[in-house]
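In case you want the letters, here they are:
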Amino acid sequence: MTNEERFKKYVEEHCKNCINRKSDLCDIRINCINGIVKTYCEFYERSKK
């Protein structure tokens, strides 16, 4: 999986549940540490259901 595919999948699955999705607080990062690829957003906050 390429980083572009990871980014698109993260946006599809996580951004729709984020409180900050309509604000300018979006900082999605892709890191690889010891062979493990981690994709996350610095400002992700899950919206209450």
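As a reminder, the structure under discussion sits directly above these lines.
Residues numbered from 1 in each chain as written. Predicted model: local features only at pLDDT ≥ 70, side-chain atom pairs only at ≥ 80, totals over all residues. Heavy atoms only, no water.

Draft legend 1. Examining the overall build of the protein more closely. When its secondary structure is counted, the protein shows 1 helix and 2 strands. Starting at the N terminus and walking to the C terminus, you meet the elements of the protein as α-β-β. Partitioning the contacts of the protein with sequence separation of at least 6, the portion at a separation of at least 24 is 42%. (Helix = DSSP H or I, 4+ residues; strand = E, 2+ residues; numbered from the N terminus. Contact = heavy atoms within 4.5 Å.)

Draft legend 2. Molecular detail of the environment of His 14. One can find His 14 in helix H1 (residues 3-14). Each C-alpha atom, one on His 14 and one on Tyr 40, is 9.2 Å from the other, the two residues being 26 residues apart in sequence.

Draft legend 3. View of the pairing of strand E2 (residues 36-41). Across 6 bridges, strand E1 (residues 28-33) lies against E2 in antiparallel orientation. Bridge pairing in E2 places Ile 30 opposite Thr 39. Connecting the antiparallel pair E1 and E2 is a turn made up of 2 residues, with Asn 34 showing a positive phi of about 55 degrees. (Pairing = 2+ DSSP bridges.)

Draft legend 4. Seen up close, the pattern of salt bridges. Tallying each qualifying case throughout the model produces 3 salt bridges. Where Glu 42 meets Arg 29, a salt bridge forms, and the shortest distance between an N and an O atom there is 3.7 Å. Of this pair, Glu 42 sits in the segment after E2 while Arg 29 is found in strand E1, placing the two residues 13 residues apart along the sequence. According to the relative accessible area criterion, Glu 42 is partly exposed, its value standing at 39%. A single salt-bridge network, built from bridges that share partners, covers Asp 27, Arg 29 and Glu 42. (Salt bridge = Lys/Arg side-chain N within 4 Å of Asp/Glu carboxyl O. Buried < 20%, exposed > 50% of the residue type's maximum accessible area, 1.4 Å probe, protein only.)

Draft legend 5. Representation of the side chain of Asn 17 within the structure. Checked against the element boundaries, Asn 17 lands in the loop between H1 and E1. When residues no more than four places from it in sequence are discounted, the contact partners of Asn 17 are Tyr 44, Glu 45, Arg 46 and Ser 47.

Draft legend 6. Just the state of the cysteines, in detail. Going through the model one piece at a time under the given rule, you end up with 0 disulfides. Of all cysteine sulfurs, the one in Cys 26 lies closest to Cys 41, which takes part in no disulfide; the gap is 4.5 Å. For Cys 41, a relative accessible area of 12% gives the class buried. (Disulfide = S-S within 2.5 Å.)

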